[in-house]
Amino acid sequence: MVRDTNAMIAGMAPVLDPETYHFVTLPEGAALPGAALASFVEDEGLSVILPEALAKELGLLSETPMRRITLSVYSALDGVGLTAAVAGALAEAGIPCNMVAATRHDHAFVPVAQAVQAMTILKALASDGETRDV
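The sections below set out a description of the structure shown in this document. (Residues numbered from 1 in each chain as written. Predicted model: local features only at pLDDT ≥ 70, side-chain atom pairs only at ≥ 80, totals over all residues. Heavy atoms only, no water.)

This brings us to the sheet that holds strand 5 (residues 98–101). With antiparallel pairing, the 6 strands of this open sheet are ordered in space as 2-3-1-4-6-5. Edge strands, defined here as strands with exactly one partner in the open sheet, are strand 2 (38–42) and strand 5. For this sheet, the mean angle separating the axes of adjacent strands, direction not counted, is 30°. Looking at chain direction, strand 4 (residues 66–71) and strand 6 (residues 106–111) are connected through 6 bridges and run antiparallel. In the strand pairing of strand 6, arginine 67 is matched with valine 110. Helix 3 (residues 82–92) contacts strand 4, strand 5 and strand 6 of the sheet and is inclined by roughly 15° relative to strand 6. (Pairing = 2+ DSSP bridges. Helix = DSSP H or I, 4+ residues; strand = E, 2+ residues; numbered from the N terminus. Axes fitted to C-alpha atoms, helices over the stretch in contact; angles between N-to-C directions. Contact = heavy atoms within 4.5 Å.)

Pasting the structure below:
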């Protein structure tokens, strides 16, 4: 498990998932689909991240289809700076980014059309091994 900011950035080894995902809110009373990648209970309802085929099947395609970039470094939950560095580097390039942290890895969701550019930026950030001011 890595806590040091520079070590997390240098070791992030981003991997682009070939799947397309949609962030949606399920209708009130709807059950959580078993194939949901992630879910979060918000005041407005149950937000889920769905693979595109399932989102389409349920009639829940979003306006902004996303690709997931997994940061392969096993970052500590109390590590500081990885999310800021990633989101900051993407923001500088005008790429929207939705970060989702799980127990072992962080995941950056970016618009489908900008996923390859985002990967280039994150690989360069990792090879620099530097933090960015956010």
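Another point: helix 4 (residues 115–128). Residues separated by three or four positions in an α-helix point in the same direction, a consequence of the helix having 3.6 residues per turn. Counted at 1.5 Å a residue, the expected span for helix 4 with its 14 residues is 20 Å, and the 20 Å between its end C-alpha atoms agrees. Summarising the contacts, the buried residues of helix 4 are in contact with helix 1 (5–10), strand 1 (14–25), strand 4, helix 3 and strand 6. Once helix 4 finishes, glycine 129 follows within two positions and takes phi at roughly 65°, a positive value. (Expected span 1.5 Å × (residues − 1).)

All right, on to the environment of serine 39 then. Along the chain, the position of serine 39 falls in strand 2. Spatially, the C-alpha atoms of serine 39 and valine 24 are 9.6 Å apart, while their sequence positions differ by 15 residues.

For the rest of this paragraph, the subject is the environment of arginine 104. Position of arginine 104 relative to the elements: it lies in the loop between strand 5 and strand 6. Since its relative accessible area comes to 47%, arginine 104 is described here as partly exposed. Setting aside chain neighbours within four positions, we find arginine 104 in contact with Val73, Tyr74 and Ser75. (Buried < 20%, exposed > 50% of the residue type's maximum accessible area, 1.4 Å probe, protein only.)

One recurring pattern in soluble globular proteins: nonpolar side chains tend to sit buried together. One finds Met12, Ile69, Leu82, Val86, Leu90 and Leu122 to be the most contacted residues of the largest nonpolar core, which totals 21 residues. Where this core is concerned, the elements lending two or more residues are helix 1, strand 4, helix 3, strand 6 and helix 4. Those residues in contact with leucine 90, other than ones at most four positions away along the chain, are Ile95, Cys97, Val110, Ala118, Ile121 and Leu122. Listed in part, the 8 residues of the second largest apolar core include Val24, Leu26, Val48 and Leu54. (Core = buried A, V, L, I, M, F, W, Y, C linked by side-chain atoms within 4.5 Å.)

Our focus in this paragraph is unusual backbone geometry. In this model, alanine 13 sits at a positive phi of 40°, which is unusual for a non-glycine residue. Along the polypeptide, alanine 13 turns up in the loop between helix 1 and strand 1. Overall, alanine 13 belongs to the partly exposed group, its relative accessible area being 40%.

If you walk through the whole model with that rule in mind, you get 2 aromatic pairs. On the numbers, 5.9 Å between centres and 85° between planes, the contact of tyrosine 21 with phenylalanine 109 is edge-to-face. Within this pair, whereas tyrosine 21 is found in strand 1, its partner phenylalanine 109 is found in strand 6, the two being separated by 88 residues in sequence. The class for tyrosine 21 is buried, based on a relative accessible area of 6%. For phenylalanine 109, a relative accessible area of 1% gives the class buried. With centroids separated by 5.2 Å and ring planes inclined at 85°, the aromatic side chains of phenylalanine 23 and phenylalanine 109 adopt a geometry described as edge-to-face. (Phe/Tyr/Trp six-rings, centres within 6.5 Å; stacked < 30°, edge-to-face > 60°.)

The quantities given are spatial measurements derived from coordinates; they are silent on function.
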